[in-house]
Amino acid sequence: MCWRSNFFLRTHSIFYAVWKSDGLADSNKFDPVRVLAKLAHDVNLEVDETVWLLSDKYIEYRAFVLMGYFELLSKRGKLTNSPYKEAYEYVQKNFDGLLKDRITSYLLIKSIQRDPHIVPQLPKVINSLSDSLAKHTLLNAYESVKPGEKAFSFNLSDDKGRRHCLSDYKGKVVIMKFWFTGCLGCAEIKENMGIVKQAYKEDKEVLFLNVNMSKKRDVWLSGLASGKYTDKDEINLFTDGEGIEHPLVKHYQFASAPQLLIIDKRGNVFSANPPLPYTEEQTEELIKFINDARKKERN
């Protein structure tokens, strides 16, 4: 389609123009924040068909650019709030009507796994949306991750060919780590995940599962063999070559890695976006989440 080609060509041309003006010959002068700022604030996008403005690809584009822009600002220490909260507030101030509702819905769905404070705010946002599609989409996402909902009933194979189902672990608090071979963040949290697991080494009521989202089995097995992401004595599961398209992964809106999921002893979601243990503080916070999951069952 002509209008789709024109859209992506225009996007590419903006990247190129800003990159060139920042000094194409010298990569040290290239400022990604400036490029994304140009795209993020490019409200008046010229396209051949106005229906494109409400298409899935356009909504995805706007949300992706805004998230990237505010994430970079956050990394540079220029934000006091969460980058996802900043992106959300930007949309509320600069868009209206159907466009605002649909970008809001997509943005929040993609932010659920990045900011644990978003989920409690979703009911209020859902009620504020006028567009039925945006409301329905965000409601479905919320109902799959909100605490107390029945967890997805998975059936996955391990590296020895044995099948594992959620029902096998009834009565245990289950912590599932989602990763893929080649994921830098997945390797980065391995050491601190080891600290978390050590805290529950003698606890028969807490179980850790690793779920790989690589497409190919040999790629998954090579990741296991490397020792960068998991330990051989852990329960290592595979999404049977479906990757992020596996129903389990899609149910929780996991589009990147690493991700964590905590399921309580009754098989319900306790948290679909607990803290990722990159730092000592986040590691302690994750242990607190798991302790809270155990205490909940005693009350």
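This text follows the structure it describes.
Residues numbered from 1 in each chain as written. Predicted model: local features only at pLDDT ≥ 70, side-chain atom pairs only at ≥ 80, totals over all residues. Heavy atoms only, no water.

Turning to the sheet that holds strand β4 (residues 206-212), a few remarks are in order. Pairing in this open sheet of seven strands is mixed, and the strands run β2-β1-β5-β4-β3-β6-β7 from one edge to the other. Strands at the two margins of the open sheet, each flanked by one partner only, are β2 (163-165) and β7 (269-271). Going from strand to strand, the sheet's axes swing by 35° on average, the running direction of each strand aside. Two strands pair when backbone bridges link them, and strand β3 (residues 173-179) and β4 are joined in this way by seven bridges, in the parallel orientation. (Pairing = 2+ DSSP bridges. Helix = DSSP H or I, 4+ residues; strand = E, 2+ residues; numbered from the N terminus. Axes fitted to C-alpha atoms, helices over the stretch in contact; angles between N-to-C directions.)

The buried fraction of β3 amounts to seven of the seven residues, a majority that puts the element mostly inside the structure. Going residue by residue along β3, you find Val 173, Ile 175, Lys 177 and Trp 179 tucked away on one face and Val 174, Met 176 and Phe 178 tucked away on the opposite face as well. When β3 meets strand β6 (residues 259-263), the two strands line up antiparallel, connected through five bridges. By the bridge assignment for β6, Lys 177 is matched with Leu 260. (Buried < 20%, exposed > 50% of the residue type's maximum accessible area, 1.4 Å probe, protein only.)

Attention now moves to the pairing of β6. β6 sits mainly inside the fold: five of its five residues count as buried. Burial of β6 is two-sided: the residues Gln 259, Leu 261 and Ile 263 facing one way and the residues Leu 260 and Ile 262 facing the other way are all buried. The pairing of β6 with β7 spans two bridges and is classified as antiparallel. Paired with Ile 263 across the two strands is Val 269, which belongs to β7. Hairpin geometry of β6 and β7 is characterised by an intervening segment of five residues between the two adjacent antiparallel strands and by a positive phi of about 85° at Gly 267.

Take the nonpolar core next. Of all hydrophobic cores here, the largest spans 62 residues; its most connected members are Met 176, Phe 178 and Tyr 252. Tallying contributions element by element places helix α3 (residues 56-75) first for this core, with ten residues. Every residue in contact with Met 176, bar those within four places of it in the chain, is listed here: Phe 154, Leu 209, Val 211, Leu 248, Gln 259, Leu 260, Leu 261 and Ile 263. Of all hydrophobic cores here, the second largest spans 16 residues; its members include Met 193, Val 196, Val 206 and Ile 290. (Core = buried A, V, L, I, M, F, W, Y, C linked by side-chain atoms within 4.5 Å. Contact = heavy atoms within 4.5 Å.)

Close contact between helix α4 (residues 83-94) and helix α5 (residues 97-111) brings their axes to 10 Å; oriented N to C, the two are set at 175°. It follows that α4 is roughly antiparallel to α5 by the angle criterion. Contacts between α4 and α5 involve Tyr 84, Ala 87, Tyr 88, Val 91 and Gln 92 on the former and, on the latter, Lys 100, Ile 103, Thr 104, Leu 107, Leu 108 and Ser 111. (Parallel < 35°, antiparallel > 145°, perpendicular 65-115°, else oblique.)

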